[in-house]
Amino acid sequence: YRDLHTFELQAPTRLIEWARESRVCVAGYGQSDGNEILQLIPPPTLLTKETQGLCPERDFKVECGGFSERAVYSLKYVPDTSLLVTSGPPDSSLQVWQVSAEDSDVIKSVSPIATENGTGQSWARIATISARAPWVLHGSRLDRVQITEVESRKSVYTAASGGSEELSGLAFLDCNTLLLCCATGRLCLADVRQPQNLVEAVPVPSAPCSEQWCMGTRHGAQGLEPSSQPVVRLSSRGLLTLTDLRKTSEFLALAKARVPSPGSGVEFLCVSWAPALEGCLAVSGFDGTVHVYDTQSWDSSGREAEPIFVHKGHAFGGAGGSGDPPLVTVHTWHLQKPRTLLSAASDGSLHVWDWVQPCGKC
């Protein structure tokens with residue numbers, strides 16, 4: 001490691017979200033007596049773009065926080081605002097939160113966003129954007145996807161019915177283009193300007209019906225078309241597929257992550273592109289580790305890929321609340337520092353780490 005910071009949360013978290021001014025938001029899940037939503041100030045070394053020397057303060061600080069009566073399964077910061085949007089069981093409604101001003105340390109609940117036929121639906125996957133206005137893209141199933149203006153609660157888009165498959169993820173590619181990923185691995189493109197049009201990408205390789213998939217999208221460099229950035233899909237068997245959205249009829253590459261057999265933590269599958277490293281992605285959710293891969297040498301063979309770095313810190317951090325070894329529940333990349341990631345685990349541990357650059361690698 002080049003650097004490693006740790007912070008112990010009061011309860012397990014499955015969310016890490018970058019907010020304004022490089023703050024970090026986290027939230028708990030599954031607690032019967034309330035789930036914390038916290039905004040943390042990262043260690044000073046993470047607040048500068050350049051690598052600094054030794055720093056006397058190496059810990060996170062809690063800046064403000066609040067409590068949710070629901071388990072929080074998804075959390076997104078609304079860009080250019082002081083609002084957060086969360087979702088979680090028992091239905092697909094959304095909760096909106098106001099991060100208080102500097103003279104207060106409370107994150108306050110605002111009126112929720114109810115969804116049509118939300119009762120009985122699973123929790124909603126969400127994405128946010130503020131290109132035109134503060135929007136939230138949300139839905140639990142392919143035929144329940146919509147965009148709501150966060151402040152006015154006005155519905156501005158409802159997708160065409162493309163089936164009732166459960167969603168595992170969704171994303172804004174730009175202010176007009178949406179990407180939807182089903183748990184079955186089905187990938188669909190939608191356009192806000194053409195609500196009745198859904199374009200399906202190349203299907204995933206044939207697999208057992210029980211296999212689940214998630215996706216990761218890459219934020220393009222300034223001036224680069226979002227559609228030119230590959231989309232990665234990760235299965236519960238560890239299969240990885242790369243797809244160019246400009247040519248959806250074929251895969252760019254196939255590979256197998258070096259991960260153990262899927263267990264009870266399939267819902268924590270996470271794959272993400274490095275925003276500041278060409279061709280690098282990270283995988284977690286199988287055990288107490290985070291694997292980093294360089295995809296630039298991948299082909300269509302589907303052979304096992306060799307990680308360029310494995311973060312094992314959570315695995316050696318002790319048992320989770322159930323007595324089982326800790327499971328990494330989520331990870332995310334630092335927005336400016338190329339090889340810096342944040343990861344959280346089922347034992348409440350939050351790590352931020354930076355690995356030494358291998359010769360000839362990312």
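Use the structure listed above.
A brief structural summary. (Residues numbered from 1 in each chain as written. Predicted model: local features only at pLDDT ≥ 70, side-chain atom pairs only at ≥ 80, totals over all residues. Heavy atoms only, no water.)

Digging into the overall build of the protein chain
For step 1, the next point in the chain: A tally of helices and strands in the protein chain yields zero helices and 28 strands.
For step 2, the next point in the chain: Taken across its 362 residues, the protein chain has 56% of its residues classed as buried.
For step 3, the next point in the chain: In the protein chain, once contacts between residues fewer than 6 apart in sequence are set aside, the share between residues at least 24 apart is 51%.
For step 4, the next point in the chain: In the form shown here, the protein chain has an accessible surface area of approximately 16100 Å², with 48% of it arising from carbon and sulfur atoms. (Helix = DSSP H or I, 4+ residues; strand = E, 2+ residues; numbered from the N terminus. Buried < 20%, exposed > 50% of the residue type's maximum accessible area, 1.4 Å probe, protein only. Contact = heavy atoms within 4.5 Å. Areas by Shrake-Rupley, 256 points an atom, 1.4 Å probe, with all protein chains shown as cover.)

Focus on the side chain of H291
For step 1, the next point in the chain: Mapped onto the secondary structure, H291 falls in strand β24 (residues 290-294).
For step 2, the next point in the chain: For H291, a relative accessible area of 9% gives the class buried.

Focus: the pattern of salt bridges
For step 1, the next point in the chain: Following the criterion strictly, the structure yields 14 salt bridges and no others.
For step 2, the next point in the chain: The salt bridge partner of R23 is E63, with a shortest N-O separation of 2.9 Å. Separated by 40 residues along the polypeptide, R23 in the loop between β2 (13-18) and β3 (24-28) and E63 in strand β5 (residues 61-68) bring together distant segments of the chain.
For step 3, the next point in the chain: Residue R23 is classed as buried on the basis of its relative accessible area of 14%.
For step 4, the next point in the chain: Linked by salt bridges that have partners in common, E165, R186 and E200 make up one network. (Salt bridge = Lys/Arg side-chain N within 4 Å of Asp/Glu carboxyl O.)

Describing the packing of aromatic side chains
For step 1, the next point in the chain: Counted under the stated rule, the structure contains nine aromatic pairs.
For step 2, the next point in the chain: Arranged with centres 5.7 Å apart and planes meeting at 50°, the rings of Y29 and F268 form a pair that is tilted. Of this pair, Y29 sits in the loop between β3 and β4 (35-41) while F268 sits in the loop between β21 (253-256) and β22 (270-273), and the two are 239 residues apart along the sequence.
For step 3, the next point in the chain: The exposure class assigned to F268 is buried, which follows from its relative accessible area of 8%.
For step 4, the next point in the chain: Seen in terms of ring centroids, W333 and W355 are 6.2 Å apart; in terms of plane orientation they differ by 70°. Their pairing is edge-to-face. A residue pair is termed long-range when its members are at least 10 positions apart, and W333 in strand β26 (residues 328-333) and W355 in the segment after β28 (349-354) qualify at 22 residues. (Phe/Tyr/Trp six-rings, centres within 6.5 Å; stacked < 30°, edge-to-face > 60°.)

Side note on the environment of R144
For step 1, the next point in the chain: Within the secondary structure, R144 sits in the loop between β11 (135-139) and β12 (146-149).
For step 2, the next point in the chain: The spatial distance from the C-alpha of R144 to the C-alpha of S164 is 8.0 Å, given a sequence separation of 20 residues.

As for the pairing of β11
For step 1, the next point in the chain: Within β11, five of the five residues are buried, which leaves the element mostly enclosed by the surrounding structure.
For step 2, the next point in the chain: Side chains W135, L137 and G139 of β11 all project onto a buried face; the interleaved residues V136 and H138 project onto the opposite face, where all are buried too.
For step 3, the next point in the chain: Across five bridges, strand β10 (residues 125-129) lies against β11 in antiparallel orientation. Across the sheet, residue I126 finds its bridge partner in β11, namely H138.
For step 4, the next point in the chain: Two successive antiparallel strands, β10 and β11, enclose a turn made up of five residues.
For step 5, the next point in the chain: Pairing geometry for β11 and β12, over four bridges, is antiparallel. Bridge pairing in β12 places W135 opposite E149. (Pairing = 2+ DSSP bridges.)

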